[in-house]
Amino acid sequence: MDPLRLRLSALVAALVLAAAGGWWGGAEASIHTYVREPFREVGNAFLLSGGSEGIVADGSDPAAPASSFIKFVNVTFWRTAESAESHAKMAHSTGLVQAILFEAADRDNIGGSAYGGQRSICCTPDLAKLDGCKQGEVIRRPSSDDPDWPVVVDTHFSANHLSVKLEDEEVRITKTGMYNLFFISCDPKLRDLAMSGKTVWRNPGGYLPGRMAPLMRFYVFMSLAYLLVMVVWFSQYVRFWRDIMPIQNCITLVIALGLFEMTLWYFEYLNFNSSGVRPVGITTWVVTVGAIRKTVSRLLILSISMGYGVVRPTLGGLTSKVLLLGLTYFLASELLDIAENVGTINDISGKAKLFLVLPDAFLDAFLILWIFTSLSRTLEKLQARRSSVKLDIYRKFTNALAVSVIASVVWIGYEVYFKATDPFSERWQSAWIITAFWDVLAFVLLVVICYLWAPSQSSQRYAYSGEAADDDDEEAQSLTKGSDGDVGMVKFDKERNAGVGSAFSLEDDEAEEDKRE
């Protein structure tokens, strides 16, 4: 579709989406670096996206140095030899390139149309007569809030020179908003134009884009929350280390990975905020730890749903399938997280990532289906064997999972609505909540699992034992609460002497089921 047939808002939307989708390369954090980036033809203009970020207004004294700004550093434009040779050596101005900086709310102030027809970015002869714009330049109307915005910085080629350097300039940000930068040329002779240099974007608190700043504080609180859970869990783990079940070792690993991931994210953002660059290696390492944590968490929930460590000692023939699913999920999650985080600072996602989102979503849906199918079978077995304590725990676990799935579906619907109704990221100040929700949900579910399967001196004792119909003593005990003195020993002796046969029978039943599966 010809971009000139679009309304201006739709045209600018396409440009901003193109910027986030990777039309320019080499961006690191709030220091956007350009290395011979090519301009692209859009309508009657040639343009290159310089980026988009949420910036908080500079609240300092106007006489003091700016704390919020966008600065051009060594920005150089290069034209082709053919274009340069078409001009005389003594000519003064032989080509114009303009840098356009605007806040998302002012996007309709750029471009125009003649007689209600097609809209253009560059001024045409008809528009020059109607709007008073200058032919060969970008159409720009002053903002209602500040007549100096949108900001336009002009740079002219001279004579037959191949390059021209834009004057290093700092633009102070006095209004909080989502800012977009484009480099545009309306000269047909400047086709195949390219640009090198960098732009520096800064907020009052540092180089973090405005939408990311709240996440740095969020990761501090999440690290403290995981640390608290780790202290409580590990104290119980050390206290009852002789009776630890395999599933409790897995829970310990998930808690440790969660704490490690949240701490790494905080330090990655702290480095980002102070230096203005986002090293690919560090971000990739943090993303990898996160992918491992998510994979182990899902396999833990799946294993618990199958009864591993509580109803059955091993997963039997399903072990290879579970590990294969885990490896597949890790790869899908790793690729998606790398695409969304490594070298990425713009808030608008491009359609190019759709092929990475779909496998991750499909695997999550498959995992949910498998988890609830396994839970149903486990509940049926426990009910048939009248394992009332385990049955009660699994019912609570099922209810917690159901609530988390419902909350996830509702939040996904909200996330889709949020992004669909905010294509220009004008609500960027609350966008961090979208990311934070999933970390909070995972943490809450982990706390529930820790509560239900907390280490105790009776953990190993009741792990795979067959429970008799006489539940009087059993109801007085809990899988997660220890017994003291002779009561525990009597219970243990009763199981060892009377329940050993049913324990072997249970393992045989599970082995047969594994073969059928």
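Parameters at a glance
Residues numbered from 1 in each chain as written. Predicted model: local features only at pLDDT ≥ 70, side-chain atom pairs only at ≥ 80, totals over all residues. Heavy atoms only, no water. Helix = DSSP H or I, 4+ residues; strand = E, 2+ residues; numbered from the N terminus. Contact = heavy atoms within 4.5 Å. Disulfide = S-S within 2.5 Å. Buried < 20%, exposed > 50% of the residue type's maximum accessible area, 1.4 Å probe, protein only. Phe/Tyr/Trp six-rings, centres within 6.5 Å; stacked < 30°, edge-to-face > 60°. pLDDT = per-residue confidence, 0-100. Salt bridge = Lys/Arg side-chain N within 4 Å of Asp/Glu carboxyl O. Pairing = 2+ DSSP bridges. Axes fitted to C-alpha atoms, helices over the stretch in contact; angles between N-to-C directions.

## Side note on the side chain of Gln-98
Residue placement: Gln-98 occurs in strand β6 (residues 96–103). Dropping the residues within four chain positions of it, Gln-98 is found in contact with Glu-137, Val-138, Val-152, Val-153, Asp-154, Phe-182, Phe-183 and Ile-184.

## Structural notes on the state of the cysteines
Here the structure, examined in full by the defined rule, presents two disulfides. At a sulfur-sulfur separation of 2.0 Å, the disulfide partner of Cys-122 is Cys-186. With the S-S dihedral at roughly -85 degrees, the linkage between Cys-122 and Cys-186 falls on the left-handed side. Residue Cys-122 is located in the loop between β8 (119–120) and α3 (125–131), and its partner Cys-186 is located in the loop between β12 (177–185) and β13 (194–202); the two are separated by 64 residues in the primary sequence. Side by side, Cys-122 and Cys-186 carry an identical accessibility label, which is buried.

## Points about the packing of aromatic side chains
Tallied over the full model, the rule gives 23 aromatic pairs. With centroids separated by 5.9 Å and ring planes inclined at 90 degrees, the aromatic side chains of Trp-265 and Tyr-269 adopt a geometry described as edge-to-face. Here Tyr-269 and Trp-265 lie together in helix α5 (residues 246–275), a separation of four residues that amounts to about one turn. An identical accessibility class is assigned to Trp-265 and Tyr-269; each is buried. Residues Trp-411 and Tyr-414 carry aromatic rings whose centres are separated by 5.0 Å and whose planes lie at 45 degrees to one another, so their mutual orientation is tilted. In this pair, Trp-411 and Tyr-414 are both assigned in helix α9 (residues 388–420), three residues apart and thus about one turn of the helix distant.

## Let's talk about the confidence of the model for the protein
Low-pLDDT stretches of the model should not have their predicted coordinates read in fine detail. Residues with a pLDDT of 70 or more make up 79% of the protein, whose mean pLDDT is 79. Scored below 50 in pLDDT, residues 1–29 shows 71 contacts in the model against residues more than four places distant or in partner chains. Ignoring residues within four places in sequence, the model shows residues 466–517, a span with pLDDT below 50, making 74 contacts including any to other chains.

## Overview of the pattern of salt bridges
Under the counting rule described, the total for this entry stands at twelve salt bridges. In this structure, Glu-103 engages Lys-175 in a salt bridge whose closest nitrogen and oxygen atoms are separated by 3.6 Å. In this pair, Glu-103 sits in strand β6 while Lys-175 sits in the loop between β11 (170–172) and β12, placing the two residues 72 residues apart along the sequence. Overall, Lys-175 belongs to the partly exposed group, its relative accessible area being 32%. Taken together, the shared-partner salt bridges connect Glu-103, Asp-145 and Lys-175 into one network.

## Quick look at the pairing of strand β4 (residues 45–55)
Most of β4 is tucked away: eleven of the eleven residues are buried. Linking strand β3 (residues 40–42) back to β4 in an antiparallel pair, the connection comprises two residues, with Gly-43 at a positive phi of about 65 degrees.

## Focus on the environment of Trp-233
Checked against the element boundaries, Trp-233 lands in helix α4 (residues 213–239). Along the primary structure Trp-233 and Ala-454 are separated by 221 residues, whereas in three dimensions their C-alpha atoms are 7.3 Å apart. Apart from the residues lying within four places of it in its own chain, the contact partners of Trp-233 are Gln-248, Ile-251, Thr-252, Ile-255, Cys-450, Trp-453, Ala-454 and Pro-455.

## With respect to the sheet that holds β3
Reading across from one edge, β3-β4-β12-β6-β9 is the order of the five strands in this open sheet, with antiparallel pairing throughout. Either end of the sheet is taken by a strand with one partner, and the two such strands are β3 and β9 (151–156). When the angles between neighbouring strand axes are averaged without regard to direction, this sheet yields 35 degrees. Pairing of β6 with β9 involves six bridges; the strand directions are antiparallel.

## Quick notes on unusual backbone geometry
The omega torsion across Trp-149 and Pro-150 is -5 degrees, close enough to zero to call that bond cis. Position of Pro-150 among the secondary structure elements: in the loop between α3 and β9. Residue Arg-36 is not a glycine yet carries a positive backbone phi of 50 degrees. In this structure Arg-36 comes out as partly exposed when scored by relative accessible area, which is 46%. Positive phi, close to 50 degrees, is recorded for Ala-159, a residue that is not glycine. Checked against the element boundaries, Ala-159 lands in the loop between β9 and β10 (163–165).

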